[in-house]
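# Working through the structure, step by step
What follows is each chain in one-letter form.
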Amino acid sequence: MEKTDKAEFVYEYTRRRREFGRQTLFEDRNAELSVSIPSNPSMYKHYILRNPVNVSVENTKSMSEHWVNSVRAEYTSSGVNHVEGGWPKDININDPEATQRYRRKIEKDDAYIHAVMHLGHSMEHNILQNNAVDMYQIYYSELPSIPPVERSSCHTVNVYREPGANRRPIRSLSWQQDGARLATAHADICFTRNSRNLQLSYIWDIENANAPELTITPPQPLLDLQYNPRDQHILVGGLMNGQVGCWDMRRGGEVIALCPPHVAHRELTRNVLFINSKTGAEFFSASPDGVVKWWDTRNMSEPTDFMIIDPVKTNNDTQSVENALGISALEYEPTIPTRFMIGTETGLVVGGNRKGKTPLEKLPSKYEAHLGPVYSLQRNPTFLKNFLTVGDWTARVWSEDCRESSILWTHSHRTKLTDGAWNPIRFSLMLVSQWDGCLSCWDLLRRRTAPVVTAQLCDEPLLRVRPHEGGLLVACGSSKGTVYLAELSENLGTADKNDKQLLTHILERENKRERILEARLRELRLKMRQERDVGHPDGDSAPTDKDLEEAANEYSLMVQQLQEQQNNQDLG
Amino acid sequence: MCHYIYQTVWESATEVEETIKRIQAHKGVMGVVIVNHEGIPIKSSLDNATSVLYSGLIGQLTEKARNVVREMDSTNELTFLRVRSRRHEILIAPDREFILIVIQNTTD
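Cut-offs and rules
- Residues numbered from 1 in each chain as written.
- Chains lettered and ligands numbered in written order.
- Predicted model: local features only at pLDDT ≥ 70, side-chain atom pairs only at ≥ 80, totals over all residues.
- Heavy atoms only, no water.
- UniProt positions renumbered as here; feature names shortened; annotations may be inferred.
- Pairing = 2+ DSSP bridges.
- Helix = DSSP H or I, 4+ residues; strand = E, 2+ residues; numbered from the N terminus.
- Axes fitted to C-alpha atoms, helices over the stretch in contact; angles between N-to-C directions.
- Salt bridge = Lys/Arg side-chain N within 4 Å of Asp/Glu carboxyl O.
- Buried < 20%, exposed > 50% of the residue type's maximum accessible area, 1.4 Å probe, protein only.
- Contact = heavy atoms within 4.5 Å.
- Buried area = accessible area lost by both parts, 1.4 Å probe.
- Polar contact = N/O pair within 3.5 Å; in protein donor to acceptor, adjacent residues only side chain to side chain.
- Nonpolar A, V, L, I, M, F, W, Y, C, P; charged D, E, K, R; others polar.

Going by what an unreviewed UniProt entry lists, chain B is known as Dynein light chain roadblock and is assigned to Danaus plexippus plexippus. In its Sequence similarities (unreviewed entry) section, the UniProt record describing chain B reads: "Belongs to the GAMAD family." Under the UniProt heading Subcellular location (unreviewed entry), the note attached to chain B is "Cytoplasm, Cytoskeleton".

Chain A has a UniProt comment under Sequence similarities (unreviewed entry) that states "Belongs to the dynein intermediate chain family." In its Subcellular location (unreviewed entry) section, the UniProt record describing chain A reads: "Cytoplasm, Cytoskeleton, Cilium axoneme".

Below, the structure written as structure tokens:
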């Protein structure tokens, strides 16, 4: 009945039964031209270039003015001076006799008498109470006042925006040794990696956020740009095509030395770092192709040394580039000059020794740090045995003694963590940049379950974080090419004299705990292996028919019992 | 109310006087004022101007406090009010029709 209303919206499609529901049969056919529209030269004449072109653009904001006269609300203020109580109308309050008479009349009233008798009792109680004890005495006034609760904070003090309209993500930040300048490498790693337009990198004077002090013009986009800790004018950079280059600030933004492509990395050069050498001119670079190369800025025609990051099982195996692990993070500590550490794209952290002769000596230690790539790796500036890794939504602190597990870790975050660094002065403070634009500060001495401060610096993802050597300033690079200079509060950027001892205790305690767990786990594993080894000779491991029968019987018995129980319950 | 109908008026009147005198005799008591629900000071040990001032202001305050208590819980009732100040304490005992106000010096 209702459908008749909708009849006009129905489209009927009739077909005979035999014509539909058939299997489709495709067949190969040669290409055939459906339509061909040849160019018509005579039409060319009809094309003319429009000149001049008129395009109107409104540059200013459009404004309008409008007047409204709203209905007025009128207010008057009036007051009442209430001096005397509400006397009855027939009594003249200026006549003392009349008022007295009225009062006496009430005094004779039953209600009055009862009220006073009733109230007097409780009133007396309170008066006596007041006289007996000083109820409102202030206790503990002689105690010393508690020092104010310390306030941890982090706020942006300066913002350095990339000049130009197309902003590209920041790939690396590097502070000059004296801390007055900041080198930022910008690169947009798109899938096809064609970089037709020049992708510039900049050096900022931190006092001037209006324009960069120097513009670095690399032949290819820079993925890493690091200051030389010895010479504050020299920088090295890793390029997107695998080359490494060297810049001198005194000579401008043009590259002064560039390694030839045939000796360069086969993948993009993601990390470069200066090493502690006599000349102060040597550095090393790492790339996802799994090779670490050492270079000398004075002669860039070929690398001075290289090492393949292939953690082989025995000394007899040869390391091959084919099996090498892609490197995503690089760490070097100048006080342990022959050692270095790398984080791989497979989530490993591998310790390296440059002086090693055999493959096992070259890569002596291996930690399974993360499930995904290791985004950041840094040794603690004071406790060199401990290092920080960032990856798979967590930040972890490791001890070199403890191979199996990290000793401290954060909870898994809801947003990706992109980079992490230790504060150089307050060595217990970890700075972690997040994908949601937050900078979180984890102080191991204060709280290990949550960051002490989380500051939302911007809405776009933060990609890089580098603290200033003074400890109070932190540079954070975002995916829109902007550097946010954040300032930490005094308590997050300075260290007390007891802090070192306290952190030693914490790290030692956690290390001990992990090692106990590790030993226990090893014990369990050994036991399991022994049991398996003992079990095998008897041929007991494979379930026989008898076992299966027993199990089946046991199962059916249990089912029966349960059914009985249920029946009883139903009856009950 | 029915239980005190048996009391004779004259007997009770003297008892009231005695109660008030006893209250006044307590240590630190500076004044006693009894106010009716109209705000008229019925009995006062203070001078007229002061008792009028007290009865007006305290009457309003008591009414407000009574409303506060009743607003929070309609089954509840205000029974006593202490107003502590630096100089003295005002003890206010409210009844349905009358308010007994005592000003007590508690500084010593």
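With that settled, consider the sheet that holds strand S7 (residues 234-239) of chain A. Whenever strands of a sheet pair, they do so through backbone hydrogen bonds, lying parallel or antiparallel. Residues and elements named next belong to chain A. If you trace the four strands from one edge of the open sheet to the other, you get S6-S7-S8-S9, paired in antiparallel fashion. Of all the strands in the sheet, the pair left with one neighbour each is strand S6 (222-227) and strand S9 (255-258). Within this sheet the neighbouring strands show an average axis-to-axis angle of 25°, counted without direction. The sheet contact formed by strand S8 (residues 244-248) and S9 spans three bridges and is antiparallel. Directly across from Gly245, in S9, lies its bridge partner Leu258.

Looking now at the pattern of salt bridges. Here the structure, examined in full by the defined rule, presents 28 salt bridges over all chains. Two residues, Arg22(B) and Glu124(A), come together in a salt bridge whose shortest N-O distance is 2.8 Å. Highlighted residues: Arg22(B) in helix H1 (residues 9-25) and Glu124(A) in helix H3 (residues 110-132), drawn from two different chains. Note that Arg298(A) and Asp296(A) form a salt bridge whose closest N and O atoms lie 2.7 Å from each other. Looking at Arg298(A), the relative accessible area reads 57%, which means it is exposed. For Asp296(A), a relative accessible area of 10% puts it in the buried group. In this structure, a network of salt bridges that share partners links the residues Arg426(A), Asp443(A), Arg446(A) and Asp499(A).

All right, on to the interface of chain B and chain A then. When the parts of a complex come together, some accessible area is lost, and that lost area is often taken as the interface size. On the side of chain A, 34 residues touch chain B, which itself brings 40 residues to the contact. Buried surface at the junction of chain B and chain A, summed over both partners, amounts to about 3,300 Å²; 63% is from carbon and sulfur atoms. Between the two partners, chain B and chain A, sit eleven residue pairs in polar contact (both at pLDDT 80 or more). No other element matches the ten residues that H1(B) contributes to the side of chain B that touches chain A. Here the side of chain B that touches chain A is built from residues that sort into 20 nonpolar, nine polar and eleven charged.

Let us look at the sheet that holds strand S3 (residues 181-186) of chain A. Residues and elements named next belong to chain A. Read from one edge of the open sheet, four strands run S2-S3-S4-S5, paired in antiparallel fashion. At either margin of the open sheet sits one strand with a lone partner, and together these are strand S2 (170-175) and strand S5 (214-216). Direction aside, neighbouring strands of the sheet carry axes that sit 20° apart on average. Alignment of S3 against strand S4 (residues 201-205), held across four bridges, turns out to be antiparallel. In the strand pairing of S4, Arg181 is matched with Asp205.

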